[in-house]
Amino acid sequence: DALRASGLAAACVNSTMSPNERKAVAGQISAGELKLLYIAPERLMQAKTLAFLKNVNLSLIAIDEAHCISSWGHDFRPEYRGLRVLKEKFPQVGVHAYTATATEQVRGDIAEQLGLQQPEVLVGSFDRPNLVYSVQRANNRFRQICDVIERHPQQSGIVYCISRKEVDKTAAALSQLGHRAAPYHAGLTDEERHAHQDAFIREDIDVIVATVAFGMGIDKSNVRYVVHAGMPKSLEHYQQESGRAGRDGLEAECRLLFSGGDFLTWSRMLDGGAARDGAQQALEAMSAYCNGVTCRHRAIVSHFGQMLPTDNCGACDVCLGELDLVDDPLIVAQKILSCVARLQERFGADYTTKVLAGSSEKRILDAGHNQLSTYGLLQDESAKTIRDWLEQLVGQKFLRKEGEYQTLALTDAGRALLRGEGSPRLLRPSEQATRKAAGYDAASWEGVDRDLFESLRQLRKARADALEVPAYVIFSDATLRDLARRR
Ligand code: ZN
């Protein structure tokens, strides 16, 4: 539709079309009237489609969302594997593969799966400098979600939840507080989903609360924040979902809330199929990101095999100094690791936390663990803080969790750390560390008459409704701000 509106001869073929409509498109193709045809891999791979296209003067085949070809990619779809035959059936036709999220491994796999010979690999920058990333351990998820929403009154934002149930619950609670919010997930009817998506695009509502089902093909440029109410299952997902914020180049906030429970939820959902190892690896990388304390921009781009040119991105919780770092992390880490060693690597994080905190719980006394030299070693800290540090040490790979009971064990790096080799970073979970990220926003508002901006925004909404197009098609937020700045 967008291409046709721009005067290009484009068409699609899909299952919602009648046989006559499909025949009409075939006619256009045979007559050489079409520049671009959109088609799903399943349909393309049908013998009669391939036979038909064999007689057409094809010049190029482009595969979008090409990461689906790789079982190392985050949305592996087996039917994409069939696309391998394209190079055999159409040896003279160029085959291009496009994706916004592919690690080096996935890029190599895409080329191999498609049978491309010496392909040209072009990689853009993965960094989105206008996104301000922050990560928080969930302690009161709903309150933490509201914190972000309240920082962006009357602005568009997305809240991603792991399950449909959470989506419904969160959307309802937000509406009750007077926020203009609606849910979006695969359990709703087509009509409901379309209605809610349209309301979001037309800015009749501000917040869409959604599962990962939301976002494909959404090109709303002025999404000002994306909150993840739970940990996504891969950094690829996170990059793609958080990347829906700030497409107009203005700053946007990306806040990720997570808990150890999120990891377990996803682990349980992993199936035993071909993509299992990849999915497990992806989940661990995501968890390491959450528990990590290095620059978020750096962590994301390095996952995709790139370097960040600056030391301080100025746009993440780590670089903005919002994290409250422990002064003597080596000593604290050594206390924790030696407790794991004294417990003979046979206990999980909760139990280890209690021993370190000096809990007088019966099972600890019964096991005689109150006699260990590490018992009560961190008794001045809250159990929550100790538990957090344990996760951080797992995230930094000094500890690992093993087996069904997720018992803690030392890694080689952990053993080295006990000898004083290595430098962990530990942070205190800060309850309200978000003020500086909010300050980042100030620069692009400088000199902007906010009342005028608001009036213009309403005018834009009225024009958009009259023309039946999304508001950002009229003017981007950047343009509106500039108008309100210059008058
Ligand atoms: Zn940073």
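Note that the structure is predicted; figures quoted are calculated from it, not measured.

**Q** Got a minute to help me understand the environment of Met286 in this structure?
**A** With respect to the secondary-structure elements, Met286 resides in helix H12 (residues 276–291). Sequence separation between Met286 and Phe453 is 167 residues, and the spatial gap between their C-alpha atoms is 38 Å. Here Met286 is in contact with Met231, Pro232, Lys233, Ser234, Leu235, Tyr238 and Leu256, once residues within four sequence places are set aside.

**Q** Got a minute to help me understand the coordination of the zinc ion in this structure?
**A** Protein-derived ligands of the zinc ion are Cys295 (SG), Cys313 (SG), Cys316 (SG) and Cys319 (SG), with the metal-ligand distances lying across 2.2 to 2.4 Å. Taken together, the four donor atoms surrounding the zinc ion define angles of 105 to 116° at the centre, an arrangement classified as tetrahedral. Coordination of the zinc ion draws on donor residues from a single chain, spaced C-x17-C-x2-C-x2-C in sequence. For Cys313, a relative accessible area of 22% corresponds to the partly exposed category. Taking the relative accessible area as the measure of exposure, Cys319 reaches 17% and is therefore buried.

**Q** I tried to follow the nonpolar core on my own but got confused; where do I start?
**A** Note on soluble globular proteins: their nonpolar side chains tend to be buried together. Counting 45 residues, the largest nonpolar core has Phe214 and Tyr289 as the members making the most contacts within it. Once residues lying within four places of it in the same chain are set aside, the contact partners of Phe214 are Ile158, Tyr160, Tyr184, Gln197, Phe200, Ile208 and Arg244. In this structure, Val355, Leu356, Leu390 and Leu399 belong to the second largest nonpolar core, which totals 27 residues.

**Q** Is there a simple way to think about the state of the cysteines in this case?
**A** Any covalent bond linking the sulfur atoms of two cysteines counts as a disulfide. Summed over the entire model, instances satisfying the criterion amount to zero disulfides. Just so you know, Cys254 is unpaired, no disulfide at all, and the nearest cysteine sulfur is the one on Cys316, 12 Å from it.

**Q** So what exactly am I meant to see when it comes to the pattern of salt bridges here?
**A** Oppositely charged side chains may form a pair once their charged atoms are brought near each other. In the structure shown here, the tally under the stated rule is 34 salt bridges. Across the pair Asp190 and Arg193 runs a salt bridge, and its minimum N-O distance is 2.8 Å. One end of the pair, Asp190, and the other, Arg193, are both in helix H9 (residues 190–201), three residues apart, so they sit about a helical turn from each other. Take Asp190: its relative accessible area is 44%, and that puts it in the partly exposed class. With a closest N to O distance of 2.9 Å, Lys362 and Asp366 form a salt bridge.

**Q** Honestly, the packing of helix H21 (residues 450–467) against helix H23 (residues 477–486) in this entry has me stumped. Any pointers?
**A** In a pair of packed helices, the angle between the axes and the distance between the axes together describe the arrangement. At a closest axis distance of 9 Å, the pairing of H21 and H23 adopts a crossing angle of 135°. Judged by the angle between their axes, H21 and H23 are oblique. Between H21 and H23 lies a crossing whose hand is right-handed. Contacts between H21 and H23 involve Leu452, Phe453, Leu456, Arg457 and Arg460 on the former and, on the latter, Asp477, Leu480, Arg481, Leu483 and Ala484. When the residues that make up the contact of H21 with H23 are grouped by side-chain class, the tally is six nonpolar, no polar and four charged.

**Q** Would you mind going over helix H17 (residues 383–395) with me for this structure?
**A** Helical geometry: 3.6 residues make up each α-helical turn, so side chains three or four residues apart lie on a common side. If you check H17, its first and last C-alpha atoms are 18 Å apart, about what 13 residues at 1.5 Å a residue would give, namely 18 Å. Most of H17 sits out of view: ten of its 13 residues are buried. Count one or two residues on from H17 and you reach Lys397, which has phi positive near 65°.

**Q** Honestly, the sheet that holds strand S9 (residues 223–228) in this entry has me stumped. Any pointers?
**A** Remark on secondary structure: sheet strands pair via backbone hydrogen bonds, oriented parallel or antiparallel. Strand order in the open sheet made by the six strands is S5-S10-S9-S6-S8-S7, with parallel pairing throughout. Of all the strands in the sheet, just strand S5 (131–137) and strand S7 (181–184) have a single pairing partner and so form its edges. Across the sheet, the mean angle separating the axes of adjacent strands is 15° when strand polarity is ignored. Sheet topology places strand S6 (residues 156–160) next to S9; five bridges connect them, and they run parallel. What sits directly across from Ser156, in S9, is Val223. With respect to the sheet, helix H10 (residues 235–242) is in contact with S5, S6, S9 and strand S10 (252–258), its orientation differing from that of S9 by roughly 150°.

**Q** Teacher, can you tell me more about the packing of helix H14 (residues 329–342) against H17 here?
**A** Between H14 and H17, whose axes approach to 11 Å, the crossing angle comes to 90°. Regarding the angle of H14 to H17, the classification is roughly perpendicular. On the side of H14, the interface is formed by Val332, Ala333 and Ile336, while H17 contributes Trp389, Leu390 and Leu393.

So, how was this worked out
Here the residue index of a chain counts from 1 through its sequence in written order. Thresholds applied to this predicted model are a pLDDT of at least 70 for local features of residues and 80 or more for the giving and counting of side-chain atom pairs; totals over whole chains, interfaces and linings are not thresholded and use all residues. Only hydrogens and water are removed before side-chain values are computed, so all heavy atoms of the structure are retained for them. Helix numbering and strand numbering both begin at the N terminus, where a helix is a DSSP run of H or I of at least 4 residues and a strand a DSSP run of E of at least 2. Here, residues are in contact when the closest pair of their heavy atoms is within 4.5 Å. Distances decide who is a donor: an N, O or S atom must be within 2.8 Å of the metal, or within 3.2 Å for Na, K and Ca. Water is not included, so sites may look incomplete. Note on geometry labels: four donors, all angles 85 to 135 degrees, give tetrahedral; four donors become square planar and six octahedral when opposite donors are over 155 degrees apart and every other angle is between 65 and 115; remaining cases are irregular. Note on exposure labels: buried denotes an accessible area under 20% of the residue type's maximum, exposed denotes more than 50%, and partly exposed covers the range between, all computed with a 1.4 Å probe on protein chains only. Buried Ala, Val, Leu, Ile, Met, Phe, Trp, Tyr and Cys residues that are joined via side-chain atoms within 4.5 Å together make up what is termed a nonpolar core. The disulfide definition used here is simple: a pair of cysteine sulfur atoms within 2.5 Å. Each reported salt bridge corresponds to a side-chain nitrogen of Lys or Arg within 4 Å of a carboxyl oxygen of Asp or Glu. Note on geometry: axes are C-alpha line fits, over the in-contact stretch for helices, and angles between N-to-C directions span 0 to 180 degrees. The scheme is simple: roughly parallel for angles under 35 degrees, roughly antiparallel for over 145, roughly perpendicular for 65 to 115, oblique for anything else. For a crossing to be left-handed, the near helix must be turned anticlockwise from the far one by less than a right angle; the clockwise case is right-handed. Residues were grouped as follows: Ala, Val, Leu, Ile, Met, Phe, Trp, Tyr, Cys and Pro as nonpolar; Asp, Glu, Lys and Arg as charged; and all remaining residues, including Gly, as polar. The span you would expect from a helix comes to 1.5 Å times its residue count less one. A pair of strands is treated as paired once DSSP finds two or more bridges between them.

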